[in-house]
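Here is what each chain is made of, one letter per residue.
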Amino acid sequence: MKQLKHVMRLITGLVVLGSLLALAACAEKQQAAAPAEAKVEKEAIVWKLAQTWGTGFPIFGDAVIKMADMVKEMSGGELEIRIDSANKHKAAFGILDMVNAGQYEMGHSASYYWKGKDPNTMFFSTMPFGMIAPEQYAWFYYGGGMELMKKVYDQHGVYSFPGGNTGNQMGGWFRKEINTLDDLNGLKMRIPGFAGEILSKLDVVVTNIAPGELYTALDRGTIDALEWVGPSLDLNMGFQKIAPYYYTGWHEPATELQFMVNQAAFDALPEHLQKILVIAMQYAAYDMYARSYHDSAVNWASIEEEYPDVKIRTLPPEIIAEMKRVNLELLAESAANDPVFKEILESQTAYMKMARKWTEISDYAYLKDNLE
Ligand code: CA
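Residues numbered from 1 in each chain as written. Predicted model: local features only at pLDDT ≥ 70, side-chain atom pairs only at ≥ 80, totals over all residues. Heavy atoms only, no water.

### Describing the coordination of the calcium ion
At the metal site, the calcium ion is ligated by Gln169 (OE1), Glu227 (OE), Glu227 (OE), Trp228 (O) and Glu252 (OE), and these contacts range over 2.3 to 2.7 Å. Ordering the donors of the calcium ion by residue number gives the pattern Q-x57-E-W-x23-E. Highlighted residues: Glu227 in the loop between strand S8 (225-226) and helix H9 (231-237) and Glu252 in the loop between strand S9 (245-247) and strand S10 (256-262), separated in sequence by 25 residues. Each of the two residues, Glu227 as well as Glu252, counts as buried. (Donors = N, O, S within 2.8 Å, 3.2 Å for Na, K, Ca; no water. Helix = DSSP H or I, 4+ residues; strand = E, 2+ residues; numbered from the N terminus. Buried < 20%, exposed > 50% of the residue type's maximum accessible area, 1.4 Å probe, protein only.)

### Quick look at the sheet that holds strand S6 (residues 188-190)
Note on sheets: strands pair through backbone hydrogen bonds, and any given pair is parallel or antiparallel. With respect to topology, six strands assemble into an open sheet ordered S7-S6-S8-S5-S9-S11, the strand pairing being mixed. A strand with exactly one partner marks an edge of an open sheet, and here the two such strands are strand S7 (205-207) and strand S11 (311-313). As defined by bridge partners, strand S5 (residues 172-174) adjoins S8 across two bridges and the pair is classed as antiparallel. Residue pairing for S8: Phe174 is matched across the bridge by Ala225. (Pairing = 2+ DSSP bridges.)

### Quick notes on the packing of aromatic side chains
According to the stated counting rule, one finds 22 aromatic pairs in the structure shown. The structure contains a cluster of three or more aromatic residues connected by ring pairs, namely Trp53, Phe57, Phe60, Phe93, Tyr112, Tyr113 and Trp114. Against the face of Tyr104 rests Lys48, its NZ or CZ located 4.7 Å from the ring centre. (Phe/Tyr/Trp six-rings, centres within 6.5 Å; stacked < 30°, edge-to-face > 60°. Lys NZ or Arg CZ within 6 Å of the ring centre and 35° of its normal.)

### Remarks on unusual backbone geometry
Unusually for a residue other than glycine, Ile59 sits at a positive phi of about 65°. Tracing the chain through its elements places Ile59 in the loop between strand S1 (45-51) and helix H2 (60-74). The exposure class of Ile59 is buried, given its relative accessible area of 2%. Look at Phe129: it is not a glycine, yet its phi comes out positive at around 60°. One can find Phe129 in the loop between strand S3 (106-110) and helix H5 (133-142).

### Some points on a nonpolar patch on the surface
A cluster of nonpolar residues, Tyr366, Leu367 and Leu371, forms a patch on the protein surface that exposes about 370 Å² of accessible area. Position of Tyr366 among the secondary structure elements: in helix H13 (residues 339-368). (Patch = residues over 30% accessible without salt bridge, like charges linked within 9 Å, V, L, I, M, F, W, Y side chains within 5 Å. Areas by Shrake-Rupley, 256 points an atom, 1.4 Å probe, with all protein chains shown as cover. Salt bridge = Lys/Arg side-chain N within 4 Å of Asp/Glu carboxyl O.)

### Side note on the sheet that holds S1
The strand order across the open sheet built from five strands is S2-S1-S3-S10-S4, with neighbouring strands paired in mixed fashion. Both outer strands of the open sheet, strand S2 (79-84) and strand S4 (158-165), are each paired with one neighbouring strand and no more. Each strand axis lies, on average, 25° off the axis of its neighbour in the sheet, ignoring direction. In this sheet, S10 lies alongside S4 in antiparallel orientation, the contact comprising six bridges. Within the sheet, the bridge partner assigned to Tyr159 lies in S10 and is Val261. Packing of helix H6 (residues 145-153) onto the sheet brings it into contact with S4 and S10, and relative to S4 it is tilted by some 130°. Lying on the sheet, helix H11 (residues 271-306) is in contact with S1, S2, S3, S4 and S10; it crosses S4 at an angle near 30°. (Axes fitted to C-alpha atoms, helices over the stretch in contact; angles between N-to-C directions. Contact = heavy atoms within 4.5 Å.)

### Regarding the pattern of salt bridges
Inspection of the entire model under this criterion finds 17 salt bridges. Salt-bridge contacts for Lys117 lead to Asp97; the nearest nitrogen and oxygen are separated by 2.8 Å. Here Lys117 is found in the loop between S3 and H5, whereas its partner Asp97 is found in helix H4 (residues 95-101), with 20 residues between them in sequence. Note that Lys342 is salt-bridged to Glu346, the shortest N-O span being 3.1 Å. Of the two residues, Lys342 and Glu346 are both situated in helix H13; the distance of four residues between them amounts to about one turn of the helix. Taking the relative accessible area as the measure of exposure, Lys342 reaches 39% and is therefore partly exposed. Residues joined in a network through salt bridges with shared partners are Asp62, Arg291 and Asp295.

### Structural notes on the pairing of S10
The side chains of a regular strand alternate between both faces of the sheet. Within S10, seven of the seven residues are buried, leaving the element largely enclosed by the surrounding structure. Of the two faces of S10, both are covered, the one formed by Glu256, Gln258, Met260 and Asn262 as well as the one formed by Leu257, Phe259 and Val261. Direction of pairing for S3 relative to S10: antiparallel, over a ladder of five bridges. Across the sheet, the residue bridging to His108 is Phe259, located in S10.

Function cannot be read off these values alone, since they describe shape.
Next up, the structure:
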C-alpha cells in the first residue's frame, strides 16, 4: 500500500513535470514567434484616407470607420487605413484632387460634389426623379453602373466604389406651405446640386450654405427653406423647431456616398488585400443603408411624438410636373454636348424603366395596401 502511494506520487510528479516542460516549450515557441510577428507589423501597409465629413460625423463617418476596421481585421493587420477628417485636411471638397494626386490613397465623399469639375460624376450619387436605392444598387452591380463609373473616374486617376446610401432624402424643411408655382417665385432655399439647377429655373433663389450655419440661416429668415438629408441626420440639426412643413423627397431618392482609391496605389496592392478592401467597402456601403433606414425610422418617431405640429407635405402635382419637364430639358442639353453623359443617362433611364416595372408589382403593390 505504502509502495503504491509512492508510485502514485511519482506519477503525479512526472505529470506535473511534463506539463511544466510543455509550458516552457510553448513559451519558448512564443518567444521565437514574437520577432516574426513584430516583423509583419513593421511591414504593414499604412494608407491614409481623407473624408469630406468632420470628426465624429454620425452615419457617414461611421461607415468609413467600419470599413477601415474590417480591412485591418480581415488582413490580420497587413493593411491599415488611417482616417483624416475635414477638420484636419481642411479640404472637404478637395478629396478627389487629393486622392488623384496620391496625397491620400483613399477618400470618402459623394460623387455629385465633383459635378463642377466633371458633370458625368453626378450620376453616381443620385438623380432627381431617379432610381430608389434597391434599383440603383442593382444598376451599379448588375446593370452596368460600375463599368460606367470606372469609365468616368479613369479620367481622374481613381477607382470609385459605392460608399453608403442615405436612402430616400426628404424634400426639406419649409417655413410656409407651397401650393402653387407662384409660391416658389423668390423663395430662398438651400438645395445643392442638379436639383438646385432645376429649382432655379422655377425662380427659386438657390443658395448653398455650410451645414454649421443652416439652422441660424433658417431661423433668421436668411433662407425660407432648406433640404439636408432626412430624419436620420435632420433631427440633431433641430430644424423641426423652426420650420413646420417637412416635404417629401423628389431630388435625392437614393443618395450614394463614394469610396475612392488612387489607381496606382490600388494596383500595387497584393491581390488578396485588393479583395479584402473591395469586400470591406461593399459591406460598409450596404451597412450604411441599413443604418440610415434605422436611424430615420427611430428619429421620425421621435419628431412625430415631440413635435406634433410638424406637418408632412408633398409638393403639388403642378409643381412636380414642371420640375420633371425642366429636369428632362437640362439633361437633354448636357447629353447633346457630351457622348459619355448621354451614354450614362441612357443606361440609367433604360434600367430604371425596366426595374420600376418590377418595383411596381412587388414593393409598391405590397406597400400601397399594407401601410398599417
Ligand atoms: Ca441632401
